[in-house]
Amino acid sequence: MFHIFCPYCQEYREEEEFHPSGQAHLIRPADPASVSDEEWGDYLFFRDNPRGIHHEMWVHRLGCRKFFNITRDTATYEILETYRMGEQPSITAANAEVRREQGVQTADGGWQTVGAQPENSRLNEETPS
Amino acid sequence: MQRYSGFSLVKHALSHHENWQRHWRNPAPKKRYDVIIVGGGGHGLATAYYLAKEFGATNVAVIEKGWLGGGNTARNTTIVRSNYLWDEAAQLYNHSLDLWKGLSQDLNYNVMFSQRGVLNLAHTLQDMRDVQRRVNANRLNGIDSEVVTPEQIKEIEPALDISKSARYPIMGASWQKSAGVARHDAVAWGFARGADALGVDLLQNTEVTGFKIRDGQVYGVHTNRGDIEAHTVGCVAAGNSGVLAKMAGLKLPLESHPLQALVSEPLKPILNTVTMSNHVHGYVSQSDKGDLVIGAGIDGYLGYGQRGSFPTIEHTLQAIVEMFPMFSRVRMNRQWGGIVDTCPDACPILSKTKVKGLYFNCGWGTGGFKATPGSGHVFAASLAKGEMHPIAAPFSIDRFNTGALIDEHGAAGVAH
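Computed from a predicted structure; not experimentally measured.

What about the overall build of chain B?
Step number 1: Helices and strands together make up the secondary structure of chain B, namely twelve helices and 19 strands.
Step number 2: Dimensions of chain B along its principal axes, counting C-alpha atoms only, are 65 × 65 × 40 Å.
Step number 3: Taking contacts inside chain B between residues at least 6 apart in sequence as the whole, the part at least 24 apart equals 76%.
Step number 4: With the model as given, the accessible surface of chain B reaches about 16800 Å², and the carbon-plus-sulfur share is 52%.
Step number 5: Taking the 40 positively charged and 36 negatively charged side chains of chain B as two groups, their mean positions are separated by 4 Å.

Here's the deal with the overall build of chain A
Step number 1: Counting its secondary structure elements, chain A contains two helices and eight strands.
Step number 2: When the helices and strands of chain A are read in sequence order from the N terminus, they spell out β-β-β-α-β-β-β-α-β-β.
Step number 3: Put simply, chain A has 129 residues, and 42% of those count as buried.
Step number 4: Relative to all contacts within chain A whose residues are 6 or more apart in sequence, the contacts with residues 24 or more apart total 53%.
Step number 5: For chain A, the exposed area adds up to about 7300 Å²; of that, 50% sits on carbon and sulfur atoms.

Observations regarding the interface of chain B and chain A
Step number 1: Contacts between the two partners involve 29 residues from chain B, matched on the other side by 25 residues from chain A.
Step number 2: Roughly 2300 Å² of surface becomes buried between chain B and chain A when both sides are summed, with 54% attributable to carbon and sulfur atoms.
Step number 3: Where chain B packs against chain A, one counts one salt bridge.
Step number 4: Applying the counting criterion to the chain B and chain A interface returns 13 residue pairs in polar contact (both at pLDDT 80 or more).
Step number 5: Elements supplying a minimum of two residues to the side of chain B that touches chain A: α8 (241–247), β13 (255–266), α9 (310–323) and α11 (399–402) of chain B.
Step number 6: Within the side of chain B that touches chain A, the residues separate by chemical class into 14 nonpolar, eight polar and seven charged.

A word on the packing of helix α2 (residues 42–54) of chain B against helix α7 (residues 184–197) of chain B
All names here are of chain B.
Step number 1: Running from amino to carboxyl end, α2 crosses α7 at an angle of 35°, the nearest separation of the two axes being 8 Å. For α2 against α7, the interelement crossing comes out left-handed. Contact with α2, carried on its side by Leu45, Ala46, Ala48, Tyr49 and Tyr50, involves Ala188, Phe191, Ala192, Gly194 and Ala195 of α7 and no other residues of that element.
Step number 2: When the residues that make up the contact of α2 with α7 are grouped by side-chain class, the tally is nine nonpolar, one polar and no charged.

Details of the sheet that holds strand β6 (residues 79–84) of chain A
All names here are of chain A.
Step number 1: Taking strand neighbours across the sheet as the criterion, the four strands line up as β3-β4-β5-β6 in an open arrangement whose pairing is antiparallel. Since the sheet does not close on itself, it has two edges, and those belong to β3 (19–23) and β6, each with one partner. Mean inter-strand twist for the sheet, computed between neighbouring axes without regard to direction, equals 30°.
Step number 2: Pairing between strand β4 (residues 53–59) and strand β5 (residues 67–73): seven bridges, direction antiparallel. Bridge pairing in β5 places His54 opposite Arg72.

A short note on α7 of chain B
Residues and elements named next belong to chain B.
Step number 1: Under the 1.5 Å per step criterion, the end-to-end length of α7 is 20 Å for 14 residues, consistent within 8% with the ideal 20 Å.
Step number 2: The buried count for α7 comes to twelve of 14 residues, which makes it a mostly enclosed element.
Step number 3: Three or more residues of α7 are buried, namely His184, Asp185, Ala186, Val187, Ala188, Gly190, Phe191, Ala192, Arg193, Gly194, Ala195 and Asp196.
Step number 4: Of the surrounding elements, those touching the buried residues of α7 are α2, α3 (87–101), α4 (103–107), β8 (201–203) and α10 (372–385).

Let's talk about the environment of Gly180 of chain B
Step number 1: Along the chain, Gly180 of chain B turns up in strand β7 (residues 180–181).
Step number 2: In contact with Gly180 of chain B, other than residues within four places in its own chain, are Thr78, Ile79, Val80, Ser114, Gln115, Arg116, Gly117 and Val274 of chain B.

Some details on the pattern of salt bridges
Step number 1: Going through the model one piece at a time under the given rule, you end up with 17 salt bridges over all chains.
Step number 2: Here Asp48 of chain A makes a salt bridge to Lys251 of chain B, at a shortest N to O gap of 3.4 Å. Of the two residues, Asp48 of chain A is situated in the loop between α1 (37–45) and β4 and Lys251 of chain B in the loop between α8 and β13; the pairing between them involves two chains.
Step number 3: Among the residues examined, Asp48 of chain A registers a relative accessible area of 39% and is labelled partly exposed.
Step number 4: Owing to a relative accessible area of 45%, Lys251 of chain B belongs among the partly exposed residues under this scheme.
Step number 5: Close ionic contact of Arg116 of chain B with Asp288 of chain B constitutes a salt bridge, the shortest N to O distance being 2.9 Å. Placement of the pair is Arg116 of chain B in the loop between α4 and β4 (118–122) and Asp288 of chain B in the loop between β15 (282–286) and β16 (291–298), with a sequence separation of 172 residues.
Step number 6: Salt bridges sharing partners connect three or more residues here, namely Glu11, Arg13 and Glu17 of chain A.

Quick word on unusual backbone geometry
Step number 1: With a phi close to 70°, Tyr77 of chain A is a non-glycine residue in the positive phi region.
Step number 2: In this structure, Tyr77 of chain A sits in the loop between β5 and β6.
Step number 3: For Asn205 of chain B, which is not glycine, the phi dihedral falls at a positive 50°.
Step number 4: Within the secondary structure layout, Asn205 of chain B lies in the loop between β8 and β9 (208–214).

What to know about the environment of Pro266 of chain B
All names here are of chain B.
Step number 1: Relative to the helices and strands, Pro266 is located in strand β13.
Step number 2: Each C-alpha atom of the pair Pro266 and Val330 lies 9.4 Å from the other, and the pair is 64 residues apart in sequence.
Step number 3: Dropping the residues within four chain positions of it, Pro266 is found in contact with Lys289, Gly290, Asp291 and Asn333.

Points about the confidence of the model for chain A
All names here are of chain A.
Step number 1: Looking at chain A as a whole, its pLDDT mean stands at 82, while 74% of the residues score no less than 70.
Step number 2: Of all helices and strands in chain A, the one with the weakest mean pLDDT is strand β8 (residues 111–112) (50), whereas β4 scores best (96).
Step number 3: Contacts for the low-pLDDT stretch residues 113–125, under 50 throughout, to residues beyond four places or in other chains number 22 contacts.

Focus: the packing of aromatic side chains
Step number 1: Counted according to the given criterion, the structure contains 20 aromatic pairs over all chains.
Step number 2: With 5.0 Å between their ring centres and 20° between their planes, Phe324 of chain B and Phe327 of chain B make a pair best called stacked.
Step number 3: Since its relative accessible area comes to 0%, Phe324 of chain B is described here as buried.
Step number 4: With relative accessibility at 6%, the residue Phe327 of chain B sits in the buried group.
Step number 5: Among the aromatic residues, those joined into a ring-pair cluster are Phe2, Trp58 and Tyr77 of chain A together with Tyr301 of chain B.
Step number 6: Here Arg72 of chain A stacks its cationic end above the ring of Tyr77 of chain A, 5.8 Å away from the centre of that ring.

Conventions used here
- Residues numbered from 1 in each chain as written.
- Chains lettered and ligands numbered in written order.
- Predicted model: local features only at pLDDT ≥ 70, side-chain atom pairs only at ≥ 80, totals over all residues.
- Heavy atoms only, no water.
- Helix = DSSP H or I, 4+ residues; strand = E, 2+ residues; numbered from the N terminus.
- Contact = heavy atoms within 4.5 Å.
- Areas by Shrake-Rupley, 256 points an atom, 1.4 Å probe, with all protein chains shown as cover.
- Lys, Arg positive; Asp, Glu negative; His and termini not counted.
- Charge placed at Lys NZ, Arg CZ, Asp CG, Glu CD.
- Buried < 20%, exposed > 50% of the residue type's maximum accessible area, 1.4 Å probe, protein only.
- Buried area = accessible area lost by both parts, 1.4 Å probe.
- Salt bridge = Lys/Arg side-chain N within 4 Å of Asp/Glu carboxyl O.
- Polar contact = N/O pair within 3.5 Å; in protein donor to acceptor, adjacent residues only side chain to side chain.
- Nonpolar A, V, L, I, M, F, W, Y, C, P; charged D, E, K, R; others polar.
- Axes fitted to C-alpha atoms, helices over the stretch in contact; angles between N-to-C directions.
- Left-handed = near helix turned anticlockwise from the far one by under 90°.
- Pairing = 2+ DSSP bridges.
- Expected span 1.5 Å × (residues − 1).
- pLDDT = per-residue confidence, 0-100.
- Phe/Tyr/Trp six-rings, centres within 6.5 Å; stacked < 30°, edge-to-face > 60°.
- Lys NZ or Arg CZ within 6 Å of the ring centre and 35° of its normal.

Encoded structure:
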C-alpha cells in the first residue's frame, strides 16, 4: 500500500485516491502524419518497463484530479520522489545512488525531491481558482 | 524414466515408497547445446518437451534462475479455456485445449485436468451483446461455446446470486463446457520430467546475465555458471522478458505488473464450475482440495515484486461477494502475486527478433496458464524449423508497428 505525496495538494494521501497512468515523459511526435510506422508504433506501444528506477505518471483521481509524476523503484516499490508535470526528475537510474546518500528523507521513509527545476515554467503556472 | 502406473504403485508400496525415482536429473551445464530455452516455467518446459519429443532436438538446455515452475506457473488460478474472440487467438488457445485433453496420458503424469466448464457472466445489455458476438465467433471457429440464460446458469452453478435485486443483476452468460482447471504445479513437473527423460538438461539456479551476439546472430548466453553456446535461443521468461530483451539490446511492448490471487480455507464442495465476470471483475473456482481459488485485476502500476496492494485484494473480494453473497464470511487463507507481462492488445508475442536465432515467447499477461501446452508446442516447432509455426505467425512483434493487433481485451477476463 502506497502512501503518496501529492505535489499539488502538498499532502500524503493513501494509494486508493490515486491511479497509475503509465510511463512518464513520453513525447508525442510533433507531426504524426510524417513519422514512419516504426516510430509511431514505438511511441504508442513500446515502453521501458525497467526493473529498478521508473518515472511514471499518476493522477490524483479522488483528490485534486491533477496528473503528476513519481520516481519509483519497481523492484522494492520505494517511492523516491514526486514532482509536478513539466518538471524533470532529480533522481534517475544514473544518479540514484548519489541521491540516496544526499537526499532528504521524509516522514514515511522515502526520499523527497530537492530543487527539481521546471522544464517549462509555463506548464507549471497555476491558474487561480 | 520409470513409468507411473497402478502396478508401479503397488510395487513401490512393498518397499514403503522409499525407492521412487527422482523426477529429473540435476546435470552440470555442457559447453554447447543446439537450443537453449531461457526460463523454466510451464511454457519453457513445454517448449523443451515438445522440441525433444516431436522435433528430435534432444541437445537442449532449459536455463532457470530459480527453481522449475516457481514463477507464474505456481502463482495462477489454473483456468483453462479457449473462448477467445479473434480467429488467431481462438486457434492458438484451441490448439492448446486439444493438447490438454490428452496431456496426462502423454506425459504419464496426472495434471488433474478437469473439464468442469467456464461461465463468463454478463450484467449489462452491452455485456450481453459482447457475449453473443464472442459465442458466435467461437462457434465459427469450432469452439463449444453457447449463450445461457440466468435460469440455465442457476442449474449449472446454484450458488450464484441470479436475483433481480443484485447490485449487478446477471442477464446471461457464455458457457464453454470443455473448459476447466488443471493442477498448475503438476503441469510444470510433468513437462520437466518428460523433457528430462528425453535428454533435455534442466539447469536450475542458473541465471542468464547476457547474450553472446556477433554480426546480428546469437551464439550463446553468459550465465553465473559460465558461458553456454547455442545458435538458437528461445526466451520464455514472462515478467522478466523485458530485462532479457534489454540485455540483447531489444525493446518489447510489455509492461510488467503484479497480478494477485488468493485462496480461502478449504470448504465442502460448493462450486461446480469456473465463474468469471468482466463487469464486476472477479473469477472463482474451487480446487479439489476444497479451497476457493480467487483472482481479479492486476495492480495498475509497474512492479517486479511478487506482491501487490491491499486495495486490489479488497476489490477482488467485493466482486466475489457480489456474485456469491454466501461467501461473505469465508476466510482467506493465502494470497500471492505473480509478475505478468501485459501486452497492449492482451495477446502474446511469439516472435523472431532483429537478432538472428533469438526468439521471444512472452506477453501472455494475465492468461498464460491455459496456453502452456499449445504455446510450448508451436514455439518448439518454430525453434526447430527456424520459421514461425502458422498458428504462432500472427503473434509476431511486428504487429505493433504494422497495426495488425489482435485485440482480446474482452476475452482476457482481466482488465489491463
